[in-house]
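Okay, here's what each chain looks like letter by letter:
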Amino acid sequence: MSSTNLKFVNIPKLLKDRSNWITYKAQMVNHFAAKRLTRHLNGSTRKPKIPWPEKDSQYFIRKSTIATTEEQLEKYKVELDLYKQKQAQAREAIYKTVSCFVFLEIKGKAMTALVWQKLTTMHEKKGIMMYTNTLAKLVASQYVKDSNMHIHITAYNKESK
């Protein structure tokens, strides 16, 4: 069994209200590290470039007139397949743990790093907005001394929803 096989049992699903974003992000980063996919997540891995341009249906070593061997061509194809496989595994881990709405927002990016960047941008910006909004509501709903605390908390909870 390959060490890059993914199991989604322990990956938390990102909640629609974003309340578990901090733990989701930490657990996903750890998951990618455990599966040796961190470089795909942060964008430091690159797609293997074909080192030989095609010329008259024959491949040549770059900046050379020496034709490539079948072994060199096969090695490139294996590296390319491995790169594509790891990219797909990393994207799949993200796609399976987000809602359909979020999936529609982040799909279609060429690299996993771009998908992750879009996801973090979406949630961290809104997280700050939600944090600011919560602080504003807390300031607005001041507790009056000697009043009923249960009524105050109930009123705050109704405002928050």
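Everything below is about the structure printed above this text.
Residues numbered from 1 in each chain as written. Predicted model: local features only at pLDDT ≥ 70, side-chain atom pairs only at ≥ 80, totals over all residues. Heavy atoms only, no water.

Further remarks concern the nonpolar core. Counting residues in hydrophobic clusters, the biggest one holds 18 residues, and the most contacted among them are Y24, M28, F32, I94, I106 and L119. At the level of elements, α1 (21–34), α3 (70–95), α4 (100–106) and α5 (112–140) are the ones that each hand at least two residues to this core. With residues up to four places along the chain from it excluded, the contact list for I106 reads I94, Y95, V98, V115, K118, L119 and M122. (Core = buried A, V, L, I, M, F, W, Y, C linked by side-chain atoms within 4.5 Å. Buried < 20%, exposed > 50% of the residue type's maximum accessible area, 1.4 Å probe, protein only. Helix = DSSP H or I, 4+ residues; strand = E, 2+ residues; numbered from the N terminus. Contact = heavy atoms within 4.5 Å.)

Moving on, we get to a negative patch on the surface. The grouping of E70, E71, E74 and D81 at the surface amounts to a negative patch. Examined against the element boundaries, E74 turns out to sit in helix α3. With a relative accessible area of 45%, E74 lands in the partly exposed category. (Patch = residues over 30% accessible without salt bridge, like charges linked within 9 Å, V, L, I, M, F, W, Y side chains within 5 Å. Areas by Shrake-Rupley, 256 points an atom, 1.4 Å probe, with all protein chains shown as cover. Salt bridge = Lys/Arg side-chain N within 4 Å of Asp/Glu carboxyl O. Lys, Arg positive; Asp, Glu negative; His and termini not counted. Charge placed at Lys NZ, Arg CZ, Asp CG, Glu CD.)

This part takes up the pattern of salt bridges. Following the criterion strictly, the structure yields one salt bridge and no others. Across the pair E92 and K96 runs a salt bridge, and its minimum N-O distance is 3.7 Å. Among the residues examined, E92 registers a relative accessible area of 33% and is labelled partly exposed. Residue classification places K96 among the partly exposed positions, given a relative accessible area of 46%.

For any two helices packed against each other, one specifies the crossing angle of their axes together with the interaxial distance. Closest axis-to-axis distance for the α1/α3 pair is 11 Å, and the angle between their directions is 155°. When the axes of α1 and α3 are compared, the pair comes out roughly antiparallel. The handedness of the crossing between α1 and α3 comes out as right-handed. Residues Y24, M28, H31 and F32 of α1 lie in contact with α3, whose contacting residues are A90, A93 and I94. (Axes fitted to C-alpha atoms, helices over the stretch in contact; angles between N-to-C directions. Parallel < 35°, antiparallel > 145°, perpendicular 65-115°, else oblique. Left-handed = near helix turned anticlockwise from the far one by under 90°.)

This is a description of form; function is not addressed.
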